[in-house]
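# Close look at the chain arrangement
Each chain is listed here by its residues.
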Amino acid sequence: GEDVEQSLFLSVREGDSSVINCTYTDSSSTYLYWYKQEPGAGLQLLTYIFSNMDMKQDQRLTVLLNKKDKHLSLRIADTQTGDSAIYFCAETKGAGSYQLTFGKGTKLSVIP
Amino acid sequence: DVKVTQSSRYLVKRTGEKVFLECVQDMDHENMFWYRQDPGLGLRLIYFSYDVKMKEKGDIPEGYSVSREKKERFSLILESASTNQTSMYLCASSFPDRDNSPLHFGNGTRLTVT
């Protein structure tokens, strides 16, 4: 199958860390992506990781990849109210494909 | 920065009308995509195009067609709009590099069919 699974909701307090998890099924995926969607807007590319890496850090964002378990996570340090959004993980649809398979998205709510 | 522009943010159309959703990108991307987004269903691919005049069906092409006459423009057409096509429509584009081709999205068009 080609399903990408995410939990639908996450609620954290401002200043805490958020961890959004994702599992994917296609072991031949070369890149995995995280997108952010703010209310009423399109999807904005946040970060990506190549499948031969296990970690990537970009300012407050840390991506962890466990290829054996096909598990991807996005950690947001010092979560702010502006981080409230829907977060989608996505995988390339097989090696060499330019199509992406998206999860259904995790809605992050940040409590002031 | 890549800019993907969808011509309308909100549209209200009547059942049976022919509807055109327009998308333009300014980065010379070969690949363009149309998705619809519905609560609980995530993003579903309707059609995509990897070159001018080329098109491929996605997962849910029924009731839709597309047009790619110029590289920068990809149009989604609802031949006869129905209420179950009320949705958020998202256009995206990407380079043809098959190793790393993140999609760049427009801001979406929220279509209501009454």
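Refer to the structure presented above.
Heads up: these notes are all about the structure in this document. (Residues numbered from 1 in each chain as written. Chains lettered and ligands numbered in written order. Predicted model: local features only at pLDDT ≥ 70, side-chain atom pairs only at ≥ 80, totals over all residues. Heavy atoms only, no water.)

## Digging into the side chain of B:Gln25
Residue and element names in this part refer to chain B. The cut-off we apply is this: Helix and strand definitions follow DSSP, with helices as H or I runs of at least four residues and strands as E runs of at least two, each counted in order from the N terminus. For every residue, the accessible area (1.4 Å probe, protein chains only) is compared with the maximum for its type, and the residue is labelled buried under 20%, exposed over 50%, or partly exposed between those bounds. Each polar contact in these results corresponds to two N or O atoms within 3.5 Å; when the atoms are within protein, one needs to be able to donate a hydrogen and the other to accept it, and residues that are neighboring in sequence are counted only if both atoms are side-chain atoms. The contact criterion used throughout is that any non-hydrogen atoms of two residues lie within 4.5 Å.
Structurally, the position occupied by glutamine 25 is in strand β3 (residues 19-25). What makes glutamine 25 buried here is its relative accessible area of 3%. At 3.0 Å, the side chain of glutamine 25 and the backbone nitrogen of methionine 27 are in polar contact. With sequence-adjacent residues up to four places away left out, glutamine 25 is seen in contact with Lys3, Val4, Met32, Arg68, Lys71, Glu72 and Ser93.

## Focus: the sheet that holds strand β8 (residues 71-76) of chain A
All names here are of chain A. To keep it simple, the criterion reads: Any two strands are treated as partners once DSSP identifies two or more bridges connecting them.
Pairing within the open sheet is antiparallel, and its five strands lie in the order β1-β3-β8-β7-β6. The open sheet terminates on both sides in strands that have one partner only, identified here as β1 (5-6) and β6 (55-58). As defined by bridge partners, β6 adjoins strand β7 (residues 61-66) across four bridges and the pair is classed as antiparallel. Paired with methionine 55 across the two strands is leucine 64, which belongs to β7.

## Considerations on the layout of surface pockets
The criterion, for reference: Here a cavity is any set of points on a 1 Å grid over the protein atoms alone where a 1.4 Å probe fits but cannot get out, and a pocket is any open set with protein on both sides within 12 Å along at least 5 of 7 lines; a residue lines the site when it has an atom within 4 Å of a point. Grid points are joined across faces, edges and corners, and a volume is the space filled by probe spheres set on the points. Classification convention: Asp, Glu, Lys, Arg as charged; Ala, Val, Leu, Ile, Met, Phe, Trp, Tyr, Cys, Pro as nonpolar; all other residues, Gly among them, as polar.
There is about 560 Å³ of room inside the largest pocket. If you trace the largest pocket, you find 27 residues lining it, with A:Gln37, A:Ile86, A:Lys107, B:Gln37 and B:Pro39 closest to the centre. Of all the elements in the fold, those that place two or more residues in the lining of the largest pocket are β9 (85-92) and β11 (106-111) of chain A together with β4 (31-38) and β9 (87-94) of chain B. Per element, the largest residue contribution to the lining of the largest pocket is four residues, and it comes from β11(A). In terms of residue class, the lining of the largest pocket is made up of eleven nonpolar, eleven polar and five charged.

## With respect to the pairing of β9(B)
Residues and elements named next belong to chain B. Summarising burial for β9: eight of the eight residues are buried, a large majority. Taking every second residue as pointing to the same face, both faces of β9 are buried, with Ser87, Tyr89, Cys91 and Ser93 on one and Met88, Leu90, Ala92 and Ser94 on the other. Summarising the sheet, β4 and β9 pair through seven bridges and their orientation is antiparallel. Counted as the bridge partner of phenylalanine 33 is alanine 92 from β9. With three bridges joining them, β9 and strand β11 (residues 109-113) adopt antiparallel strand pairing. Note that in β11 the partner of methionine 88 across the bridge is arginine 110. Pairing of β9 with strand β10 (residues 104-105), which is carried by two bridges, proceeds in the antiparallel orientation. Paired with alanine 92 across the strands is phenylalanine 105, a residue of β10.

## Digging into the state of the cysteines
Residues and elements named next belong to chain A. We count it as follows: The rule for a disulfide is simple: a pair of cysteine sulfur atoms within 2.5 Å.
All told, the structure shown has two disulfides over all chains when counted by the stated rule. Note on cysteine connectivity: cysteine 22 is disulfide-linked to cysteine 89, with sulfurs 1.9 Å apart. In this structure, the disulfide formed by cysteine 22 and cysteine 89 twists by about 65° around the S-S bond and is classed as right-handed. A residue pair is termed long-range when its members are at least 10 positions apart, and cysteine 22 in strand β3 (residues 18-23) and cysteine 89 in strand β9 qualify at 67 residues. Here the two residues cysteine 22 and cysteine 89 agree in accessibility, since each one is buried.

## Some remarks on the nonpolar core
Selection rule: As used here, the term nonpolar core means buried Ala, Val, Leu, Ile, Met, Phe, Trp, Tyr and Cys residues forming a set that is joined through side-chain atoms within 4.5 Å.
Counting residues in each nonpolar core, the largest one holds 20 residues, and the members touching the most others are B:Trp34, B:Ile46, B:Leu76, B:Leu78 and B:Tyr89. Mapped onto this core, the elements with two or more residues apiece are β3, β4, β5 (42-49), β7 (64-70), β8 (73-78), β9 and β11 of chain B.

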